[in-house]
2 protein chains.
Amino acid sequence: MVFTDIATRTYNHNWRLDPIVRSLLDTDFYKLLMLQMIRQLHPDVSATFELINRTRGVRLADVIDEAELRAQLDHARTLRFGKKELIWLAGNSFYGRRQMFSPEFIGWLADFRLPEYELSKHDGQYELRFHGPWTHTMMWEIPALAIINELRSRAAMKGRGRFELDVLYARAKAKLWEKVERLSALPDLVISDFGTRRRHGFLWQRWCVEALKEGLGSRFIGSSNVLLAMDADLEAIGTNAHELPMVYAALSDGDDALASAPYRVLQDWSAHYGGNLLIALPDAFGTASFLRNAPDWVADWTGFRPDSAPPIEGGEQIIRWWQEKGRDPRTKLLIFSDGMDIDSIESTYHHFHGRVRMSFGWGTNLTNDFRGCAPFETSGLDPISLVCKVVEADGRPAVKLSDNPSKATGSPSEIERYLRIFGAAGRQDAAVLV
Amino acid sequence: MVFTDIATRTYNHNWRLDPIVRSLLDTDFYKLLMLQMIRQLHPDVSATFELINRTRGVRLADVIDEAELRAQLDHARTLRFGKKELIWLAGNSFYGRRQMFSPEFIGWLADFRLPEYELSKHDGQYELRFHGPWTHTMMWEIPALAIINELRSRAAMKGRGRFELDVLYARAKAKLWEKVERLSALPDLVISDFGTRRRHGFLWQRWCVEALKEGLGSRFIGSSNVLLAMDADLEAIGTNAHELPMVYAALSDGDDALASAPYRVLQDWSAHYGGNLLIALPDAFGTASFLRNAPDWVADWTGFRPDSAPPIEGGEQIIRWWQEKGRDPRTKLLIFSDGMDIDSIESTYHHFHGRVRMSFGWGTNLTNDFRGCAPFETSGLDPISLVCKVVEADGRPAVKLSDNPSKATGSPSEIERYLRIFGAAGRQDAAVLV
């Protein structure tokens, strides 16, 4: 005799909504770090963020129901930081430092809510824009991406039988565990979860994080997801992102100011965080130009996160630069986070082992690799390259050049102007898979 | 906020016993078919069944707690056929025939219970014997084996974390589904579940049956497990087993009677079931001898279940014999059921396709293949070759020669006498893995 809990079953069949984002902490840690600085230094800057689907072949507006998307976005707008969440942000140590967030900032967060959104459809794609104060629109990036990615997964699984889903998840678990076993053969590995935005779903990301924790022990250093870090007593991982140099650049008056924008970001960051969290993102306008024009003090930073060049070439380029600057790469850190998966992690690890400190931020291919797992025909579970980028700051267009032209964003004329300032050295096209 | 149903949790933590066998229908169908005939023709024969662990290296008495084993065996003795179970046995059609079980037999089953057992330990092994009327002791075979196999699985998983078990089952599911996908490429496949006795556990067998049903559709014709067949509206599959010729042989007076015992079984069977269920098991005392001495009418039977010769050689041997007897093998049926797995099913299928009708009874490698699945070190989940065989009938020793001397049972002197009568032609040693 099987006993069914009637209340549970009735509840399960009467959900008004199964929320995808249930907490404002369900975001990437670097968002909070950047937000604190933006709030202090640039409280009046407005910034527009926009969804960009680089996988044009996937017509998201045909796959995801607009009413469901609005319901999820509206639900996210009802969220506030919870009391225990704010206490944790205030009381926890991050990167070994206490009081990373000021009491004043924590107080400000208590009233925070996500701002309005603008949603329309065009040619099978959603146009989703967030316009308003940078301090608010920037917080949409991660929940918006997580919502769209999970709605897409749900659509691909809709109407499938319990057994098919059982096989799907069994295979996905087995597939991830194979990767974990291969990673566990790398004794000095340092790796963290960067998979929030592109995840298959929240519960799946949680399973992936649990798998890395179980299988890799102390080599798994934490998650970029603040909620998961809090819930699982892991380190919250992350520093800063492209939006900082992109907005600084957009707001620059004249070519000289534009050329020096990436370094002003670093100065502000270092000042704001008292010389902690010194990881630079070199590729916003091309790594070659960034390194060539960098002031000497940039070489004193802890490390770099190359995010669009091929990992081995990108790493070698930075190591050469450190050596030219007279620094010992073995004291420096490289964080690889661009579309990494088991093969590239292994090859990068072996290539650089002993020559530089390394850390891996594992994103999409950790939390959304269901390729070959479905026991039914679907391409709806293959990850897509979806981003949410700043496109305007105080009414001026924002641009990202990247080391990979396929990852560039901005209007063609602005991109041309930026290329004139920063040059195109070292940029090379590569397929953007995730 | 996670809501935990307090009653469910308390219940889960207060089990007196998690029963392995919960129904007397949780047995192989052929047991019921044989039982009906034994009850009618041999109601007064006593028979002793005994557990035999052919995988001597696994010291079961060191692995399985005796008190737990007794608790499970005792629990099985409390079981009675349920009212709806008897109604189903009476009302269901088996192999297209209504009223396979007589009302009088059904009435007798209503009072049936498993008889006593004798349990002791010797040299790291359990000695488990069932002594009493053949009509009762024979019903212990399947539940006793299922209990010991599942207790062994449970011992191997004891104390393991929830996550490790999650990975274990995810991999086992993925592994089985790979096999299902390979099998689904065989268009004329006919296959059934024969895995009750050696199963990892009841719930796992149920999952495996569900997987075959989902993945193979009508090519999956049913399960030997009567309970699962009833619950899932599948065909119950099976006919007869070695215990019939073994007991007939043991009761034979003199060499001539012994030599003809296998054919008297077939005569009684055919008469009892009105010319239905005509599948012969040829290997009890060697297939070569069985075929050489078989009366012509044996060639009129529907088919054979070769159970210890290598499948291709064994099948060819029987096909040659049919041809010698002037029968067309394409109208005949071979049922392969000895330690089959995906590779041997594929090769046997391709070898005989178009030349003979074929069916596969998939046992241990269906319901207990966890090799390579555990994310922890253990050999405790590898299947072992455990059987429960009749060893005595009315005080006379019972013998099985088999086509594979490793599968022979009985005292050396009796085996020698049987070999003198039946010959050793065609017997060849092969490793008995499962």
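Treat the numbers as computed from the prediction; the structure is a model and nothing was measured. (Residues numbered from 1 in each chain as written. Chains lettered and ligands numbered in written order. Predicted model: local features only at pLDDT ≥ 70, side-chain atom pairs only at ≥ 80, totals over all residues. Heavy atoms only, no water.)

### Thoughts on the overall build of chain A
- In terms of helices and strands, chain A carries 18 helices and 12 strands.
- At 21 Å, chain A has a C-alpha radius of gyration in line with the 22 Å of a compact globule built from 434 residues.
- Principal-axis analysis of the C-alpha atoms gives chain A an extent of 75 × 50 × 45 Å.
- Scored against the burial criterion, the 434 residues of chain A give a buried share of 57%.
- Pairs at least 24 apart in sequence give 79% of the contacts found in chain A among residues at least 6 apart.
- Entry remark: accessible area of chain A is about 17,700 Å², with carbon and sulfur atoms responsible for 50%.
- For chain A, the distance from the average position of its 52 positive side-chain charges to the average position of its 57 negative side-chain charges is 2 Å. (Helix = DSSP H or I, 4+ residues; strand = E, 2+ residues; numbered from the N terminus. Rg over C-alpha atoms; globule rule 2.2 N^0.38 Å. Buried < 20%, exposed > 50% of the residue type's maximum accessible area, 1.4 Å probe, protein only. Contact = heavy atoms within 4.5 Å. Areas by Shrake-Rupley, 256 points an atom, 1.4 Å probe, with all protein chains shown as cover. Lys, Arg positive; Asp, Glu negative; His and termini not counted. Charge placed at Lys NZ, Arg CZ, Asp CG, Glu CD.)

### Some points on the pairing of strand 10 (residues 357–362) of chain A
All names here are of chain A.
- Counted residue by residue, strand 10 has 5 buried out of 6 residues, so it is predominantly covered.
- With 3 bridges joining them, strand 4 (residues 191–193) and strand 10 adopt parallel strand pairing. Bridging across to strand 10, serine 192 finds its partner in glycine 361.
- Looking at chain direction, strand 9 (residues 333–336) and strand 10 are connected through 4 bridges and run parallel. Pairing of phenylalanine 336 across the sheet is with phenylalanine 360, part of strand 10.
- Read as a crossover between parallel neighbours, the route from strand 9 over helix 16 (residues 342–352) to strand 10 is right-handed. (Pairing = 2+ DSSP bridges. Right-handed = clockwise from strand over helix to strand, strands pointing away.)

### Topic: the pairing of strand 9 of chain A
All names here are of chain A.
- What you see with strand 9 is no split at all: Leu333 and Ile335 on one side and Leu334 and Phe336 on the other are buried throughout.
- As defined by bridge partners, strand 8 (residues 303–304) adjoins strand 9 across 2 bridges and the pair is classed as parallel. Across the sheet, phenylalanine 304 pairs through a bridge with leucine 334, a residue of strand 9.
- Remark: the strand 8/helix 15 (residues 311–324)/strand 9 crossover connection has right-handed handedness.

### Focus: the sheet that holds strand 12 (residues 396–397) of chain B
Residues and elements named next belong to chain B.
- What the 5 strands build is an open sheet, ordered 2-3-1-11-12; its pairing is antiparallel. Of all the strands in the sheet, the pair left with one neighbour each is strand 2 (118–122) and strand 12.
- This element, helix 8 (residues 141–157), spans strand 1 (46–53), strand 3 (125–133) and strand 11 (386–393) of the sheet and lies at about 145° to strand 11.
- Set on the sheet, helix 12 (residues 243–250) makes contact with strand 1, strand 11 and strand 12; between it and strand 11 the angle comes to about 25°. (Axes fitted to C-alpha atoms, helices over the stretch in contact; angles between N-to-C directions.)

### Examining helix 6 (residues 103–110) of chain B
Residue and element names in this part refer to chain B.
- Residues of helix 6 that are buried: Phe105, Ile106 and Leu109. Burial along helix 6 is one-sided: seen end-on, the buried residues are contained in an arc of 100°.
- As for helix 6, its buried residues are in contact with helix 2 (29–41) and helix 5 (83–91). (Arc of directions from axis to C-beta.)

### Things to note about the UniProt feature "modified residue: Phosphohistidine" (unreviewed entry) in chain A
Residue and element names in this part refer to chain A.
- Here the UniProt-annotated "modified residue: Phosphohistidine" (unreviewed entry) positions come out as His242.
- You can see histidine 242 is positioned in the loop between strand 6 (235–236) and helix 12 (243–250).
- Given the relative accessible area of 4%, histidine 242 is considered buried.
- When near neighbours in sequence (up to four residues on either side) are disregarded, histidine 242 contacts Leu281, Asp283, Ala284, Asp307, Lys389 and Lys400. (UniProt positions renumbered as here; feature names shortened; annotations may be inferred.)

### Digging into the pattern of salt bridges
- For the coordinates displayed, the defined rule picks out 72 salt bridges over all chains.
- A salt bridge links A:Lys173 to B:Asp166; the nearest nitrogen and oxygen atoms lie 2.7 Å apart. With A:Lys173 in helix 9 (residues 162–183) and B:Asp166 in helix 9 (residues 162–183), the pair connects residues from two separate chains. Across this residue pair, the class does not change: A:Lys173 and B:Asp166 are buried.
- Note that B:Arg70 is salt-bridged to B:Glu66, the shortest N-O span being 3.0 Å. (Salt bridge = Lys/Arg side-chain N within 4 Å of Asp/Glu carboxyl O.)

### A few points about the sheet that holds strand 8 of chain A
Residue and element names in this part refer to chain A.
- Read from one edge to the other, the open sheet built from 7 strands follows the order 6-5-4-10-9-8-7, with strand pairing classed as parallel. Each edge of the open sheet carries a strand with a single partner, namely strand 6 and strand 7 (279–280).
- Those strands touched by helix 10 (residues 202–216) are strand 4, strand 5 (220–223) and strand 10, and its axis lies near 160° from that of strand 5.

### Side note on the environment of B:Gly410
Residues and elements named next belong to chain B.
- Within the element layout of this structure, glycine 410 appears in the loop between strand 12 and helix 18 (412–422).
- Taking C-alpha positions, glycine 410 is 24 Å from proline 43, a pair spaced 367 residues apart along the chain.
- If near-sequence neighbours (up to four positions away) are discounted, glycine 410 is found in contact with Ala398, Val399 and Ile415.

### Topic: the state of the cysteines
Residue and element names in this part refer to chain B.
- Under the counting rule described, the total for this entry stands at 0 disulfides over all chains.
- Looking at the unpaired cysteine 208, the closest cysteine sulfur is the one in cysteine 373, lying at 11 Å.
- A relative accessible area of 0% places cysteine 208 in the buried class. (Disulfide = S-S within 2.5 Å.)

### Concerning the relation of the copies chain B and chain A
- If you rotate chain B by 180° and push it 0.0 Å along the axis, it lands on chain A with an RMSD of 0.0 Å. Seen this way, the second copy is the image of the first under a two-fold rotation axis. In terms of proximity to the rotation axis, the leading residue of chain B is B:Ala170, whose C-alpha is 2.0 Å off the axis.
- Comparing interface residues between copies, 100% of those in chain B also lie at the interface in chain A; the contact surface is shared. (Least-squares fit on C-alpha atoms with pLDDT ≥ 70 in both.)

### Some remarks on the environment of B:Asp341
Residue and element names in this part refer to chain B.
- Of note, aspartate 341 is situated in the loop between strand 9 (333–336) and helix 16 (342–352).
- Spatially, the C-alpha atom of aspartate 341 lies 15 Å from that of methionine 358, the residues being 17 residues apart in sequence.
- Separated by 3.1 Å, the side chains of aspartate 341 and lysine 179 make a polar contact. (Polar contact = N/O pair within 3.5 Å; in protein donor to acceptor, adjacent residues only side chain to side chain.)

### Thoughts on unusual backbone geometry
All names here are of chain A.
- Of note in the backbone geometry, aspartate 123 takes a positive phi value of approximately 55° without being a glycine.
- On the secondary structure map, aspartate 123 appears in the loop between strand 2 (118–122) and strand 3 (125–133).
- At aspartate 394, a residue that is not glycine, the phi angle is positive and equals roughly 45°.
- Residue aspartate 394 is classed as partly exposed on the basis of its relative accessible area of 41%.

### Overview of the interface of chain B and chain A
- Between chain B and chain A, the residue contacts involve 17 residues of the former and 17 residues of the latter.
- Regarding the contact of chain B and chain A, the summed buried area is about 1,600 Å², with carbon and sulfur atoms giving 61% of it.
- When the area that chain B buries against chain A is broken down by residue, the three leading residues are B:Phe163, B:Arg171 and B:Trp177, summing to 39%.
- At the junction of chain B with chain A, the criterion picks out 6 salt bridges.
- The salt bridge involving B:Glu178 is made with A:Arg171; its shortest N-O contact spans 3.5 Å.
- Counting across the chain B and chain A interface gives 7 residue pairs in polar contact (both at pLDDT 80 or more).
- When contributions to the side of chain B that touches chain A are tallied by element, the ones reaching two or more residues are helix 9 and helix 10 (202–216) of chain B.
- Looking at which element gives the most residues to the side of chain B that touches chain A, the answer is helix 9 of chain B, with 11 residues.
- When the residues that make up the side of chain B that touches chain A are grouped by side-chain class, the tally is 8 nonpolar, no polar and 9 charged. (Buried area = accessible area lost by both parts, 1.4 Å probe. Nonpolar A, V, L, I, M, F, W, Y, C, P; charged D, E, K, R; others polar.)

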